[in-house]
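Spelled out from the first residue to the last, the chains are:
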Number of protein chains: 2
Amino acid sequence: MEPMASEASLQFPQGVHPNTSKPAMEPMASEFTQTLQRADFADLVLQGPDPPNLWYDLIGMLRKAVCYRSADKHFTLSLCAMSILHYLFPILEWSKSYSLKSFQSDTMAGLTLASLSIPQSIGYANLAKLDPQYGLYTSAVPPLLYAVMGTSRDIAIGPVAIVSLLLSSMVQKIADPAIDPALYRKMIFTVTFLTGVFQFAFGLFRLGFLVDFLSHAAITGFMGGAAIVIGLQQLKGLLGLSHFTSNTDVVSVTKAVWVSVHEPWHPENFFIGCSFFLFILGMRFIGRKNKKLFWVSAIAPVLSVVLSTLIVYMTRADNRGVKIIQNVDAGINSSSVKQINLNGPYVTECAKIALICAVIALTEAIAVGRSFSVINGYKLDGNKEMIAMGFMNVGGSLSSCYVATGSFSRTAVNFTAGCKTAVSNVVMAAIVMVTLEVLTKLLFYTPVSILASIILSALPGLINVHEVCILWKVDKMDFLTCMGSFLGVLFGSVEIGLSVAIVVSFFKVIVHSIRPQVVILGRVQGTNIFCNIKQYPMVCQTPVVLTTRIDTSFLCFINANFIRERITELVTQNLQEIRSVVLDMSNVVDIDTAGLAALEELNGELVSRGIQMAIANPGWKLVHKLKLARLVDRIGESWIFLTVGEAVEACLGNKKGVDLDC
Amino acid sequence: MEPMASEASLQFPQGVHPNTSKPAMEPMASEFTQTLQRADFADLVLQGPDPPNLWYDLIGMLRKAVCYRSADKHFTLSLCAMSILHYLFPILEWSKSYSLKSFQSDTMAGLTLASLSIPQSIGYANLAKLDPQYGLYTSAVPPLLYAVMGTSRDIAIGPVAIVSLLLSSMVQKIADPAIDPALYRKMIFTVTFLTGVFQFAFGLFRLGFLVDFLSHAAITGFMGGAAIVIGLQQLKGLLGLSHFTSNTDVVSVTKAVWVSVHEPWHPENFFIGCSFFLFILGMRFIGRKNKKLFWVSAIAPVLSVVLSTLIVYMTRADNRGVKIIQNVDAGINSSSVKQINLNGPYVTECAKIALICAVIALTEAIAVGRSFSVINGYKLDGNKEMIAMGFMNVGGSLSSCYVATGSFSRTAVNFTAGCKTAVSNVVMAAIVMVTLEVLTKLLFYTPVSILASIILSALPGLINVHEVCILWKVDKMDFLTCMGSFLGVLFGSVEIGLSVAIVVSFFKVIVHSIRPQVVILGRVQGTNIFCNIKQYPMVCQTPVVLTTRIDTSFLCFINANFIRERITELVTQNLQEIRSVVLDMSNVVDIDTAGLAALEELNGELVSRGIQMAIANPGWKLVHKLKLARLVDRIGESWIFLTVGEAVEACLGNKKGVDLDC
């Protein structure tokens, strides 16, 4: 410690600007102390207004959740209805200023999107263990519904890989698609309906924060794990296997592949799949190198489908063991209202699956939507998005679609292709519908392995190694969360991966509350600023006064005893020297009765050792509760201060004549 | 807002003590700013040492958990063994200075304790659905073991009401005591053994904080509920009923009583029970009125037993339907080693029950021990206590005892009777053993209803209405926790009550993290102190600069978006006026990657609106992670400050010429 300000510290610089008519910039706390009487200062802390109580807070939250436009104070019924309509259907807003030029851009974007969307949708339907047309259905109705209700201009709606995997892996436990495909479909539609209901409810009750429960780190790990699992699932199509495991974990899949390759198999499937996989990757490489040729990568999948179908058709390779899609039902979405079963025995199970799907689908959609809204500089209303997604999935479930959401890869293509509004989704949906009406027969000879290669080519975007490196570098706990969900998905199942992620995340929050820090503060030389002595090694500790800061925002039952013991320990270590303890409470926002009891006990212990306890800068609720619990009287009104500086001064003043180093 | 310091605020009071050789007391931050260059100040925040990383923290925690005496740096093996012995057996320490006078006091206290303990033990054995001798066994061996290992001088060890209820209500689901009492006993001993193991493990691994998970509020509610449930259970004995429900909830018990009173019953039981209940209450009233006669209330139960037994024996009332205890096995504890079953099918279930019992028993014992250690001014080591309790229960389970712990009511009697050390427990145990050897035959005619009245008379101490009133007054959430566990026990079961308490408690902690406050700060006129404008209405807000404080100690995935949105909302409300936003980060101890992402997004949003973001007083880990995530570069090194005052000054300096109100 560098001695400075030494004995002089106790001499107040009296007479320095005394009663100047214009106070100079920022007279500091100690001068302020001089001009104001001590009682006035205690007043500042202790005689402020009471904080709003629990009921007030609850009512405020409720009001915020219910009222959509609090600014509308004098509104008529029709105005109210209009504002709700405008709230629910943003299309009413933006369609007014929609121009022909925007339409041209949207049409181009929609065309590009459709060329990517059609093969992907068929592939994802395959992943969801549904017939190809269900993927196309899901690319037709939900985008139309989203276009009238959604707020994002860039998002591309349709089936996505993760949700398809989630659905098939969880629903097949209720109904096996290989044995009873009709029951399986029923369950899928029921889950989709409930997913929509949950999403709608989240939006209506402003429960957007539920989506936050899956932290970005958890999602990164989950997506990476799921991508690998999906990739492994594609081995079935790529190798043209007939028998395969229905488990998703690495061990089961590896075993299944190992067993299958020892049976007779047809390398033609593998050859077609791999060569077109390399073709798509090559096209993507060209698209990346030359931004003007990005459409090359966008149409590569549809080109692959066309070429491979032609090859198979011309060589009749299907007779030599190449698996083909065969029949795809023609015609646009039929109604599936009667297939939704809300009374059956599986409805609880379906609701559980739907809840997981709803959260995962929303997480993906909101992450996608938000990142593009930031680029384009418009505001995305999370709750509104949830309502739109909810409606879209309820509508989808009634028209033979499964869960749709915003796709990472297709949204990027949509954005790059220059979309202006959600009209690009409408154009895409129209093209998909035309395909469903006219072109399904052409898909007869499309080899199954080409779908596997299209899905595989979409996976690298889900594995974010760079992000994992950042997590490792910046936050080890987040890295743990990420790896937990990654390994959980990989070696357990999607549910295990998600559970691990949520448990680790909440464990992190709880541990933070259980083991808060109690830091020792020191004075920045020549100022009234007190800082953590470890963070700022140049500060010097005040002698005879132990100045500590309690680093938790909620002094409660799980940490109160720990904090009390930690402070007692600090006092015991320097028992000879210490005559007062200043607790800087500026971080403590709230306290519960256990925290109050711990403070009282601490005060008792300190008093029994002849040490004075002082409290500096207590928060609003803290002051209120200290008063309610009559702790203010026990500690002494005169030992509660606004700043640490004053508290230390008072403690020093109390023990004048001691030797000061600092 | 009172305008003050107006335009002058921008003129730095230059030349006021420039280069004074002895700096005056506490030159404040703004002067400090002048003498130091801006770069030096950024250095203070940004170029401090790195905080200890996760591994360092973990190793530190581990070391703290393992090393008992870190001060012993150069120790030999024998010294180490001695220190461990002294640690484990505090009797080695205090027996050296044990005097005859202390022994006299302890003997008196032990005698008083025994007179209360014997009838209570028989009653609690009845509550635990065991034969009377098992209660006496539990008052014999565990107190002896505790005496050599425990640190508390006042605590009275033995069976207690709550644990007896817990055991019987949970173990009877595995084995019905009415059908197979031998299996039931086996299960009880197994649970007791595992309880001891858990308690020992808690102490060894310094997991004392697990006991804190049951907050005081939860325990208050739980105890109150359990007391009522125990009281209702006593109706069986009091009314002399033969058939009774094994459920503990109010509804089942009321039904059972309703059904039973319609069958023929013997009012003599009720008459004896009630009259002695009133006798005990009367004696207690006398004891309370006159402190010298406190022994009257202590011996009232044993007197009731003697009197009622005599009355029944002389009137042969047992022939007229008065239920009597009948045979009590004579002889001190027999070994029960062979009855402990750790391989059976019920071992998981037993472990679950044991965990609950271990926590509840420890909570009660530590609460009792701590409150009396505070009165007598000695230190109670929580971890040591847990080790002692663990040994005591393991030892107990091997000698036919069930779970023992510190009793509230008997400890108070022990203390009032003037005990000095744990020797009073030894005296009590000796008397109980003599009773077991010699006096059990005399208990043949003791009416069962007298046991009910003794238990009933001990219950009022468990219901703490005063405490509940304080909870309601001080903390509504704690009141909710309390009522949750109270009603859970009353209308559900003990497990439901405990689950409700734990869920509500943790919900409280999580909600606190999910919805932190973002408060607007204002300057205390004429100082550099910034306070919450709602808590201190006299402060005035700086114009053009929005000064906010983030009131959470962990800016993480569950609150990052909320905080970002809240600040954006505050900015939007005053968009015309605001040119800079100062984030006071002094409360933010840690941040995760989601928090960093939110800060980055917030910075992006503000920059896009032409608003400068500044960070004041970031915590140690926060600074480190801001640097790691390269956020420092994006926000700008020169916009990170040590104090809010400087940050506001810099923001104002940046926008000179604006009109200042404050």
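Residues numbered from 1 in each chain as written. Chains lettered and ligands numbered in written order. Predicted model: local features only at pLDDT ≥ 70, side-chain atom pairs only at ≥ 80, totals over all residues.

Per an unreviewed UniProt entry, chain A carries the name STAS domain-containing protein and comes from Digitaria exilis. You can read under Subcellular location (unreviewed entry) in the UniProt record for chain A the words "Membrane". (UniProt positions renumbered as here; feature names shortened; annotations may be inferred.)

Asks: Is there a simple way to explain the overall build of chain A in this structure?
Replies: What chain A contains, in helices and strands, is 28 helices and 10 strands. Taken along the three principal axes of its C-alpha coordinates, chain A extends 105 × 65 × 55 Å. For chain A, buried positions account for 52% of its 662 residues. Long-range contacts, defined here as pairs at least 24 residues apart, represent 82% of the contacts in chain A between residues at least 6 apart. (Helix = DSSP H or I, 4+ residues; strand = E, 2+ residues; numbered from the N terminus. Buried ≥ 20, exposed ≤ 12 C-beta atoms within 10 Å, placed from the backbone. Contact = placed C-beta atoms within 7 Å.)

Asks: I tried to follow the UniProt feature "transmembrane region" (unreviewed entry) in chain A on my own but got confused; where do I start?
Replies: As annotated in UniProt, the feature "transmembrane region" (unreviewed entry) corresponds to residues 188-207, 213-232, 270-287, 293-313, 387-405, 417-436, 442-465 and 486-507 of chain A in the numbering used here. Annotated as 95% helix and 0% strand, the span residues 293-313 of chain A places its first and last C-alpha atoms 30 Å apart.

Asks: Which parts of the structure should I look at to understand the nonpolar core?
Replies: In globular proteins that are soluble, nonpolar side chains generally tend to be buried together. Within the largest apolar cluster, 375 residues are counted, with the highest numbers of intra-cluster contacts made by Leu167(A), Ala226(A), Cys357(A), Leu167(B), Ala226(B) and Cys357(B). The element that contributes the greatest number of residues to this core is helix 16 (residues 347-376) of chain A, accounting for 14 residues. (Core = buried A, V, L, I, M, F, W, Y, C linked by C-beta atoms within 7 Å.)

Asks: Would you explain the UniProt feature "domain: STAS" (unreviewed entry) in chain A in this entry?
Replies: Here, the residues flagged by UniProt with the feature "domain: STAS" (unreviewed entry) are residues 555-651 of chain A. Across residues 555-651 of chain A, helical content stands at 54% and strand content at 15%; the span's end C-alpha atoms are separated by 24 Å.

Asks: What exactly am I supposed to notice about the sheet that holds strand 9 (residues 612-616) of chain A here?
Replies: One key point about sheets: their strands pair by backbone hydrogen bonds, in either a parallel or an antiparallel sense. Residues and elements named next belong to chain A. Pairing within the open sheet is mixed, and its six strands lie in the order 4-3-5-7-9-10. Lying at the two open borders of the sheet, with one neighbouring strand each, are strand 4 (530-532) and strand 10 (640-641). Alignment of strand 5 (residues 545-551) against strand 7 (residues 580-584), held across five bridges, turns out to be parallel. Note that in strand 7 the partner of Val545 across the bridge is Ser580. Of the strands in this sheet, strand 3 (517-523), strand 5 and strand 7 are in contact with helix 24 (residues 560-573), which crosses strand 5 at around 155 degrees. (Pairing = 2+ DSSP bridges. Axes fitted to C-alpha atoms, helices over the stretch in contact; angles between N-to-C directions.)

Asks: What should I look at first to understand the pairing of strand 7 of chain A in this one?
Replies: Side chains on a regular strand alternate between the two faces of the sheet. Residues and elements named next belong to chain A. Burial of strand 7 is extensive: five of the five residues sit out of reach of the surface. Burial of strand 7 is two-sided: the residues Ser580, Val582 and Asp584 facing one way and the residues Val581 and Leu583 facing the other way are all buried. In the sheet, strand 7 pairs with strand 9 via five bridges, with the strands oriented parallel. When the bridges of strand 9 are listed, Val581 appears paired with Met613.

Asks: Sorry, what's going on with the pairing of strand 5 (residues 545-551) of chain B here?
Replies: Residues and elements named next belong to chain B. When you tally the buried positions in strand 5, you get seven out of seven residues, the bulk of the element. Alternating residues of strand 5 divide into Val545, Thr547, Arg549 and Asp551 and Leu546, Thr548 and Ile550, and every residue in both groups is buried. Direction of pairing for strand 3 (residues 517-523) relative to strand 5: antiparallel, over a ladder of four bridges. Bridging across to strand 5, Ile520 finds its partner in Thr548.

Asks: Teacher, can you tell me more about the sheet that holds strand 10 (residues 640-641) of chain B here?
Replies: Pairing is mixed in the open sheet, where six strands are placed in the order 4-3-5-7-9-10 (chain B). Among the strands making up the open sheet, the edge pair consists of strand 4 (530-532) and strand 10 of chain B.

Asks: Sorry, what's going on with the packing of helix 9 (residues 161-171) of chain B against helix 16 (residues 347-376) of chain B here?
Replies: All names here are of chain B. At their nearest, the axes of helix 9 and helix 16 sit 10 Å apart, and the two run at 170 degrees to each other. Judged on the interaxial angle alone, helix 16 and helix 9 are roughly antiparallel. Along its contact with helix 9, which presents Ile162, Val163, Leu166, Leu167, Met170 and Val171, the element helix 16 presents Ile353, Ile356, Cys357, Ile360, Ala361 and Glu364. Here the residues of the contact of helix 9 with helix 16 sort into 11 nonpolar, no polar and one charged. (Parallel < 35°, antiparallel > 145°, perpendicular 65-115°, else oblique. Nonpolar A, V, L, I, M, F, W, Y, C, P; charged D, E, K, R; others polar.)

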